[in-house]
Every structure is written in C-alpha cells, then in structure tokens.
Amino acid sequence: MFTFTPKRLVKNWPAIIKMSMDGGKVEEVEISLDLNLLPVDDYMTELSEGDHQLFDAILAGFDGIAGIDKQPLADTPDNRAALYQHAPFTDALLHAYRAANSGEAARKN
C-alpha cells in the first residue's frame, strides 16, 4: 500500500557531476546527496525566491566532494554558496532531485 507523506527525506541519493575536460571529453564523478522532496507548491515557492533558496530547501547534505586540499568538503553556508556557483554541481543536484522525486531508478544495472 502506498503511504502518502507530504515531505520526504531521501538519503544518499546518487548524483553524477559531469566535468568538461580538454579535447571535448567529459569526466563523470558520482557523489551522494541527501534530498528533501518537497510538495509542488513548496518547490515553486522556493524557486520563486531564487536558485539559492531552492537549492538550500532541497539539499539536506552531500558526500563525495573534496576541496582543493583533497579533504572532504564540509557542508557549510560558504561551501554551499561556492558549489551553487559551479554549474556541474547545480546540474547534478537538480537532475538528482527530479529523478528522486519522480521515482526514477537511482542506478541503471
């Protein structure tokens, strides 16, 4: 039986960051995200407040991202602000959110 819950937290959802490389190559790196799956009205309200507001509303945490020092990047407001300026991260975040929210399989076998 389907159990309706208006808001859900999905932990460790895989996301792929695609990085452009020289010569037209693309490197794909898998990270994991904790996502707040919002009701449509809440999603639209957050979106109307701006991208960063939406990203903060849907992103509950992340793993698999290192800083320049090769150490795991802490989930801080400054690090989030930097990630939100990096298109490959925001693309991965939004794609993962849509996949999780629609029930699309996380990994293809």
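Scroll up to find the structure.
Below: a short report on this structure. (Residues numbered from 1 in each chain as written. Predicted model: local features only at pLDDT ≥ 70, side-chain atom pairs only at ≥ 80, totals over all residues. Heavy atoms only, no water.)

### Section: the overall build of the chain
In terms of regular secondary structure, the chain is built from 4 helices and 3 strands. Going from the N terminus to the C terminus, the chain shows its helices and strands as β-β-α-α-β-α-α. Per-residue burial for the chain yields a buried fraction of 31% across its 109 residues. Put simply, the chain shows about 7,500 Å² of open surface, and 52% of that area lies on carbon and sulfur atoms. Taking the average place of the 10 positive charges on the side chains of the chain and the average place of its 17 negative ones, the gap between the two points comes to 7 Å. (Helix = DSSP H or I, 4+ residues; strand = E, 2+ residues; numbered from the N terminus. Buried < 20%, exposed > 50% of the residue type's maximum accessible area, 1.4 Å probe, protein only. Areas by Shrake-Rupley, 256 points an atom, 1.4 Å probe, with all protein chains shown as cover. Lys, Arg positive; Asp, Glu negative; His and termini not counted. Charge placed at Lys NZ, Arg CZ, Asp CG, Glu CD.)

### Some remarks on the sheet that holds strand β1 (residues 8-20)
The strand order β1-β2-β3 describes an open sheet built from 3 strands, whose pairing is antiparallel. Edge positions in the sheet fall to β1 and β3 (59-63), since each of these pairs with one other strand and no more. Ignoring which end each strand starts from, the neighbouring axes of this sheet average 30° apart. Bridge count between strand β2 (residues 26-37) and β3: 4 bridges; the pairing is antiparallel. Its bridge partner lying in β3, Asp34 is registered against Gly61. (Pairing = 2+ DSSP bridges. Axes fitted to C-alpha atoms, helices over the stretch in contact; angles between N-to-C directions.)

### Digging into the packing of aromatic side chains
Evaluation of the coordinates by the stated rule reveals 2 aromatic pairs. Seen in terms of ring centroids, Tyr43 and Tyr97 are 5.4 Å apart; in terms of plane orientation they differ by 15°. Their pairing is stacked. Within this pair, whereas Tyr43 is found in helix α1 (residues 40-48), its partner Tyr97 is found in helix α4 (residues 87-102), the two being separated by 54 residues in sequence. We classify Tyr43 as buried; its relative accessible area is 15%. (Phe/Tyr/Trp six-rings, centres within 6.5 Å; stacked < 30°, edge-to-face > 60°.)

### Here we look at the environment of Phe2
Of note, Phe2 is situated in the segment before β1. On a C-alpha basis, the gap between Phe2 and Leu54 in space is 27 Å, while along the polypeptide they are 52 residues apart.

### Considering the nonpolar core
Ranked by size, the top nonpolar core spans 27 residues in total, and within it Leu33, Leu35, Ile58, Phe89 and Leu93 carry the most contacts. Only β1, β2, α2 (51-58), β3, α3 (77-84) and α4 provide two or more residues apiece to this core. Those residues within four positions of Leu93 in sequence are excluded, and the remaining contacts are Leu33, Leu35, Phe55, Ile58 and Leu59. (Core = buried A, V, L, I, M, F, W, Y, C linked by side-chain atoms within 4.5 Å. Contact = heavy atoms within 4.5 Å.)

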